[in-house]
Amino acid sequence: WRGREGKPYSTLVPSDEVTINYRHGLPVITLMLPSRSERCQFTVKPVVTTVGAFLQDVQREDKGIERAEVFATDGSKVSDATLMEVLLMNDFKLVINNTAYSVSPPVKDKLSSEHATDVEDIKSLVHRLFVALHLEDHQIRKERELLQKLDHLKEQLLPLEQMKARIMDSADAKTSRLLWVGLALMSTQGGALAWLTWWVYSWDIMEPVTYFITYGSAMAFYAYFVLTKQDYIYPHAKDRQFLHYFYRKSKKQRFNVEQYNKLKDDLAEAEESLRRLRQPLRLRLPIQEINDKD
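What you see is a predicted model, and the numbers here were worked out from it, not measured in a lab. (Residues numbered from 1 in each chain as written. Predicted model: local features only at pLDDT ≥ 70, side-chain atom pairs only at ≥ 80, totals over all residues. Heavy atoms only, no water.)

Enquirer: Any chance you could explain the layout of surface pockets here in plain terms?
Expert: Unfilled space is identified by rolling a water-sized probe across the atoms. Each pocket or cavity is described by its volume, and for the second largest pocket that value is around 610 Å³. In terms of lining, the second largest pocket is formed by 17 residues, of which the most central are L178, L179, G182, Y232 and Y234. Going through the elements one at a time, helix 4 (135–200), helix 5 (203–228) and helix 6 (234–253) are the ones with two or more residues in the lining of the second largest pocket. With 7 residues, the single largest contributor to the lining of the second largest pocket is helix 4. Here the lining of the second largest pocket is built from residues that sort into 11 nonpolar, 4 polar and 2 charged. (1 Å grid on protein atoms, 1.4 Å probe; cavity = no way out; pocket = protein on both sides within 12 Å on 5 of 7 lines; lining within 4 Å. Points joined across faces, edges and corners; volume = space filled by probe spheres on them. Helix = DSSP H or I, 4+ residues; strand = E, 2+ residues; numbered from the N terminus. Nonpolar A, V, L, I, M, F, W, Y, C, P; charged D, E, K, R; others polar.)

Listed below in structure tokens is the structure:
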């Protein structure tokens, strides 16, 4: 039998030199260490242990092993990233230094459906444990990515925030002036009615005038409701006028309100993700589920 370089190995050892037995559901690989001339057993966890990890364990056990590789029966090398569970499904060649061992894993009995379900649950549990053990590195990497995203979003928002502040100041000033103008007009109207009532005409003449002024004001308020589908409440009317001035000023200043809102939403989502990442108990909960609980 020849290796991947086409050169024959000095020794091709029968399969009984490397044996595989199952103890408590785990495969135990027994092989001869070349330097120490003694048999050694290696218990592997096939669901999480890779071929590369197994070969590293063998080399750590015997420092005289300079080369340890695994080949398929057709001579192709088995990747170090292959799980031992996959390797033990078929025969393979274990090469230690210049000696090739022919290995024939025992055929496992077919599991019942109930036992197979238990095994799948165990595999799922092992996978979650593996993820949990490597979660810290993932958190650090993810936190770094989120912090970079936050910095980028804040950098994009900074000029928009400054422009928005200027537009809001201008809209607020115009709205305030409009309110003061309304107060001045109402004061002027009240003064004019009083002057006409007591100095020019009598109340008998001015009473119908004040009635129609009141009726006209009621019609104006009703027209406001028909157009806006809202009652004429002073704070709501003020906010509506403020938004009118704000959007008109934004259009003149070419302030993209939709882009600004999208950036704010992305910033809020990134901050929420960072907050969840820094709270391990809430890490695996989706955002919608957390919002429902809150």
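Here the narrative resumes, following the displayed structure.
Enquirer: Help me understand the pairing of strand 7 (residues 99–103), please; the structure alone is not making it clear to me.
Expert: Look at any regular strand and the pattern is simple: side chains alternate between the two faces of the sheet. When you tally the buried positions in strand 7, you get 5 out of 5 residues, the bulk of the element. Neither face of strand 7 is left uncovered, since the one carrying T99, Y101 and V103 and the one carrying A100 and S102 both have all their residues buried. When strand 6 (residues 92–96) meets strand 7, the two strands line up antiparallel, connected through 5 bridges. Looking at strand 7, one finds that I96 is bridged to T99. Taking the residues between adjacent antiparallel strands as the criterion, strand 6 and strand 7 are bridged by 2 residues, where N97 takes a positive phi near 55 degrees. (Buried < 20%, exposed > 50% of the residue type's maximum accessible area, 1.4 Å probe, protein only. Pairing = 2+ DSSP bridges.)

Enquirer: I would appreciate a short explanation of the packing of aromatic side chains in the present structure.
Expert: The geometry of an aromatic ring pair is captured by the separation of the ring centres together with the interplanar angle, meaning the angle of the planes. Inspection of every chain in the model, using the stated rule, returns 6 aromatic pairs. On the numbers, 5.4 Å between centres and 75 degrees between planes, the contact of Y211 with F212 is edge-to-face. Judged by relative accessible area, F212 falls into the exposed class, the value being 56%. When the centroid spacing of 6.4 Å and the interplanar angle of 80 degrees are considered together, the rings of F246 and F255 count as edge-to-face. A residue is classified by how much of its surface remains accessible, and F255, at 7% relative accessible area, is buried. Clustering of aromatic rings is evident, with ring pairs tying together F242, F246, Y247, F255 and Y260. (Phe/Tyr/Trp six-rings, centres within 6.5 Å; stacked < 30°, edge-to-face > 60°.)

Enquirer: It is not clear to me how the nonpolar core should be interpreted in this structure. Could you clarify?
Expert: Most often, soluble globular proteins have nonpolar side chains that are buried together. With 24 residues, the main nonpolar core has L31, F54, V70, F92 and L94 as its most contacted residues. Only strand 3 (26–33), strand 4 (38–43), helix 1 (51–61), strand 5 (68–72), helix 2 (84–87), strand 6 and strand 7 provide two or more residues apiece to this core. Not counting the four nearest positions on each side in its chain, F54 is found in contact with I29, L31, F42, V44, T49 and M84. Of all hydrophobic cores here, the second largest spans 18 residues; its members include L146, F246, V257 and L263. (Core = buried A, V, L, I, M, F, W, Y, C linked by side-chain atoms within 4.5 Å. Contact = heavy atoms within 4.5 Å.)

Enquirer: Got a minute to help me understand the pattern of salt bridges in this structure?
Expert: Per the counting criterion, the structure on display carries 6 salt bridges. Among the ionic pairs, R67 bridges to E69, the shortest N-O distance being 2.7 Å. We classify R67 as partly exposed; its relative accessible area is 24%. With its nearest N and O atoms 3.1 Å apart, the salt bridge here joins K262 to D266. Separated by 4 residues within a single helix, K262 and D266 lie in helix 7 (residues 257–277), roughly one turn from each other. Look at K262 and you get exposed, because its relative accessible area is 53%. (Salt bridge = Lys/Arg side-chain N within 4 Å of Asp/Glu carboxyl O.)

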